[in-house]
Amino acid sequence: MIERVLVKDLAARAEGPVTVAGWVEKVRDQRYVQFVVLRDESGAVQLVNGGVVRELDPESSDPKDTERHARTTAISEVATGSFIVVSGELQKNERVKLGGVEIQIDSFEVVSQAEPETPVKPDSGIDVRLDWRFLDLRRPEQNLIFRVQTTFEHALREVWINRGFVEIHTPKLMASASESRAELFSLEYFETTAYLAQSPQFFKQMAQSAGFGGIFEVGPAFRADPSFTSRHATEFTSVDTEFSWIESHEDVMQLHEELIVAGFSSVKEKHGDEIEKLFGITIEVPSTPFPRIPLAEAKEIVKQRGYEVPRADADMDPEGERQITAYVKEEYGHDFVFLTDYATSIRPFYHMRHADNPELTNSYDLIYRGTEISTGAQREHRIAVLEQQAIEKGLEPAELKFYLDFFRHGVPPHGGFGMGLARVLMLMLEQSSIREVTYLFRGPTRLQP
Ligand code: AMO
């Protein structure tokens, strides 16, 4: 390893020799002094070259002059974006806005020279930025987004692990659809056709039949969704969990709340100040319990506010979600709301129905700041009922045999949810699109890089 100090650790260090490495963010090449702003993954620092020698005196035989001349030239010629290793004297200087320290350069090595023109400009639009995603990701805001994501996922994992849940990795190549047949990617698979998993739904339920008790998976999901909205991707990271011995979807919502609170608390604690500085927003850890409103009631509330969800038997539409969010904010001061008890007609066959009303399911959607981030439910575990529900939905039991078999050899009551990771981050950090918070976005017209 090249011995280097991370920029974030410089302020706490004593003055003296130090080596830093990163890329050139800016150069100010003045007559008698040169300034370079070096950025690494942890921050930016000012480097100063006071020993500027523009031209070598042919009479001089002082090797120091030759060295200074070479350094001056290297700094004059270095393009922004180049990766450099710099050694020098760390000095405290309160007048330096960038962290109150600077480094007087002794040696300046260009490890990898960038081309002089950078294709991403400060005012470049999202498409150019995504074309050059690796350059876009050098921005401190982008770097922060992925550190926030790491912290958020870690906090969720801690909750699951403390509860004794098992992490699983389910296959993404499947022989059948895992949600509806719409939005299904198919591909040639030797002599047959395979489908890309839309959700780990069936396999996370299988773990309940396997007696795992509780499981989680953070992995890719694929949807051949042709839309260009700010919240849809054709490939996204799905945060999934499933666990046994629940009594209703209420148990699933309680775990969901616990996970969200753990994730938000950890993000606030670790990155709250930086988020405030870079995005100008304060992370709010939601209080529990989150408000719960049955879907039918939510539609009534929205109607009274002057907006009617177009079809009575339909899911909330985006405007309905915004309206109910505004209501919840006014009434409960809360950013989250569970819409519960969705109609059977708009839920998949595997959702358990109310014991006293087969028109309603033991299910919910979690809405955060006006956008659906999750779907959760208690599952139907009684094979005869499950099979009947599949037939009612027009599914062919023979095609689902492998799944239905999970329920023929004993299975505990269970439930779980799936949550779009990018949607949570987008809304938490008040970003305009999941493109901003997805490492490499995939949409109908984007397959590269
Ligand atoms: P659902 O289809 O509602 O439920 O998906 C769960 C969550 O995944 C996210 N999501 C998406 N994110 C980005 N782009 C997309 N095209 C996209 N589609 C879905 C959303 C959504 O709330 N098996 C069930 C979950 C369960 O019951 O456990 C399922 O997949 O945030």
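For the structure itself, consult the block above.
What this report covers is the structure whose coordinates are included nearby. (Residues numbered from 1 in each chain as written. Predicted model: local features only at pLDDT ≥ 70, side-chain atom pairs only at ≥ 80, totals over all residues. Heavy atoms only, no water.)

A look at the layout of surface pockets
Item 1. The space that makes up the second largest pocket amounts to roughly 720 Å³.
Item 2. What lines the second largest pocket is a set of 26 residues, and nearest its centre among them are Thr80, Thr118, Val120, Leu135 and Arg138.
Item 3. Those elements giving two or more residues to the lining of the second largest pocket turn out to be β1 (16-29), α3 (133-136) and α4 (140-162).
Item 4. Taken together, the residues of the lining of the second largest pocket sort by class into 12 nonpolar, 5 polar and 9 charged. (1 Å grid on protein atoms, 1.4 Å probe; cavity = no way out; pocket = protein on both sides within 12 Å on 5 of 7 lines; lining within 4 Å. Points joined across faces, edges and corners; volume = space filled by probe spheres on them. Helix = DSSP H or I, 4+ residues; strand = E, 2+ residues; numbered from the N terminus. Nonpolar A, V, L, I, M, F, W, Y, C, P; charged D, E, K, R; others polar.)

A closer look at the pairing of strand β13 (residues 336-340)
Item 1. Counting buried positions along β13 gives 5 out of 5 residues, so the element sits mostly inside the fold.
Item 2. Burial along β13 is two-sided: Phe336, Phe338 and Thr340 and Val337 and Leu339, pointing in opposite directions, are all buried.
Item 3. Across 3 bridges, the pairing between strand β12 (residues 292-294) and β13 is parallel. Within the sheet, the bridge partner assigned to Pro294 lies in β13 and is Thr340. (Buried < 20%, exposed > 50% of the residue type's maximum accessible area, 1.4 Å probe, protein only. Pairing = 2+ DSSP bridges.)

Details of the site of the ligand
Item 1. Close to the ligand lie 20 residues, the nearest being Glu179, Gln201, Lys204, Glu372 and Thr375.
Item 2. Between the ligand and Ser199 there is a distance of 3.1 Å, counted from a nitrogen atom to a side-chain nitrogen or oxygen.
Item 3. Within the backbone of Ser374, a nitrogen or oxygen atom sits 3.1 Å from an oxygen atom of the ligand.
Item 4. Where the shell around the ligand is concerned, the elements lending two or more residues are α5 (201-209), β17 (371-378) and β18 (414-420).
Item 5. When grouped by side-chain class, the residues that make up the shell around the ligand number 5 nonpolar, 8 polar and 7 charged. (Near = heavy atom within 4 Å. Polar contact = N/O pair within 3.5 Å; in protein donor to acceptor, adjacent residues only side chain to side chain.)

As for the nonpolar core
Item 1. In this structure, Phe152, Phe264, Ile275, Ile373, Met419 and Met428 are the most contacted members of the largest nonpolar core, which totals 48 residues.
Item 2. For this core, the secondary-structure elements that each account for two or more residues are α4, β10 (214-222), β11 (235-244), α6 (249-279), β13, β16 (363-368), β18 and α11 (421-428).
Item 3. The dominant element in this core, judged by the number of residues it contributes, is α6, at 9 residues.
Item 4. Not counting residues within four places of it along the chain, the set of residues in contact with Phe152 comprises Gly263, Phe264, Val267, Met419, Leu421, Val424 and Met428. (Core = buried A, V, L, I, M, F, W, Y, C linked by side-chain atoms within 4.5 Å. Contact = heavy atoms within 4.5 Å.)

Some thoughts on the pairing of β1
Item 1. Where β1 and strand β4 (residues 83-92) come together, 8 bridges link them in antiparallel fashion. Within the sheet, the bridge partner assigned to Pro17 lies in β4 and is Glu89.
Item 2. Bridge count between β1 and strand β2 (residues 34-40): 6 bridges; the pairing is antiparallel. Each bridged residue has a counterpart across the sheet, and for Asp29 the counterpart in β2 is Gln34.
Item 3. The loop that links β1 with its antiparallel partner β2 comprises 4 residues.

Quick notes on the packing of α4 against α11
Item 1. For the pair α4 and α11, the least separation of the axes is 11 Å and the interaxial angle reads 120 degrees. When the axes of α4 and α11 are compared, the pair comes out oblique. Crossing geometry of α4 relative to α11 is assigned as right-handed. Seen from α4, the contacting residues are Val148, Gln149, Phe152 and Glu153; seen from α11, they are Leu421, Val424, Leu425 and Met428.
Item 2. For the contact of α4 with α11, the residue count by class is 6 nonpolar, 1 polar and 1 charged. (Axes fitted to C-alpha atoms, helices over the stretch in contact; angles between N-to-C directions. Parallel < 35°, antiparallel > 145°, perpendicular 65-115°, else oblique. Left-handed = near helix turned anticlockwise from the far one by under 90°.)

So, the packing of aromatic side chains
Item 1. One pass over the structure, following the stated rule, counts 21 aromatic pairs.
Item 2. Taken together, a centroid distance of 6.2 Å and an interplanar angle of 45 degrees make the contact between Phe203 and Phe402 tilted. Placement of Phe203 in helix α5 and of Phe402 in helix α10 (residues 401-405) is noted, with a sequence separation of 199 residues between them.
Item 3. Taken together, the aromatic side chains of Phe202, Phe203, Phe349, Tyr350, Phe402, Tyr403, Phe406 and Phe407 make up a single cluster linked through ring pairs.
Item 4. The aromatic ring of Phe35 is capped on one face by Arg28, whose charged end is 4.4 Å from the ring centroid.
Item 5. The cationic tip of Arg347 hangs over the ring face of Tyr342; the distance from NZ or CZ to the ring centre is 3.7 Å. (Phe/Tyr/Trp six-rings, centres within 6.5 Å; stacked < 30°, edge-to-face > 60°. Lys NZ or Arg CZ within 6 Å of the ring centre and 35° of its normal.)

Some thoughts on a nonpolar patch on the surface
Item 1. A cluster of nonpolar side chains, namely Leu173, Leu187, Tyr189 and Phe190, defines an oily patch on the protein surface of about 420 Å² accessible area.
Item 2. By the secondary structure assignment, Leu173 is in strand β7 (residues 173-174). (Patch = residues over 30% accessible without salt bridge, like charges linked within 9 Å, V, L, I, M, F, W, Y side chains within 5 Å. Areas by Shrake-Rupley, 256 points an atom, 1.4 Å probe, with all protein chains shown as cover. Salt bridge = Lys/Arg side-chain N within 4 Å of Asp/Glu carboxyl O.)

Describing the sheet that holds strand β5 (residues 101-112)
Within a beta sheet, neighbouring strands are joined by backbone hydrogen bonds and run either parallel or antiparallel to one another.
Item 1. Taken in spatial order, the 5 strands close into a barrel running β1-β2-β3-β5-β4, and their pairing is mixed. For this sheet, the mean inter-axis angle between neighbouring strands, taken without regard to orientation, is 50 degrees.
Item 2. Here β4 runs beside β5; their pairing, made up of 10 bridges, is antiparallel. Among the inter-strand pairings, Val85 is bridged to a residue of β5, identified as Glu109.
Item 3. Sheet strands in contact with helix α1 (residues 63-77) are β1, β2, β3 (43-49) and β5, and its direction is about 75 degrees off that of β5.

Thoughts on a negative patch on the surface
Item 1. Together, Glu15, Glu67, Glu89 and Asp106 line one region of the surface with negative charge.
Item 2. Structurally, Glu15 is set in the segment before β1. (Lys, Arg positive; Asp, Glu negative; His and termini not counted. Charge placed at Lys NZ, Arg CZ, Asp CG, Glu CD.)

Looking at the side chain of Ser266
Item 1. Along the chain, Ser266 turns up in helix α6.
Item 2. According to the relative accessible area criterion, Ser266 is buried, its value standing at 17%.

Regarding the sheet that holds strand β8 (residues 186-189)
Item 1. Ordered by their spatial adjacency, 3 strands build an open sheet running β7-β9-β8, and the pairing between neighbours is antiparallel. Edge positions in the sheet fall to β7 and β8, since each has one partner strand and no second.
Item 2. Relative to strand β9 (residues 192-196), β7 runs antiparallel, the two sharing 2 bridges. Within β9, the residue paired with Leu173 across the bridge is Leu196.

Remember, this is a structural readout, not a statement about activity or role.
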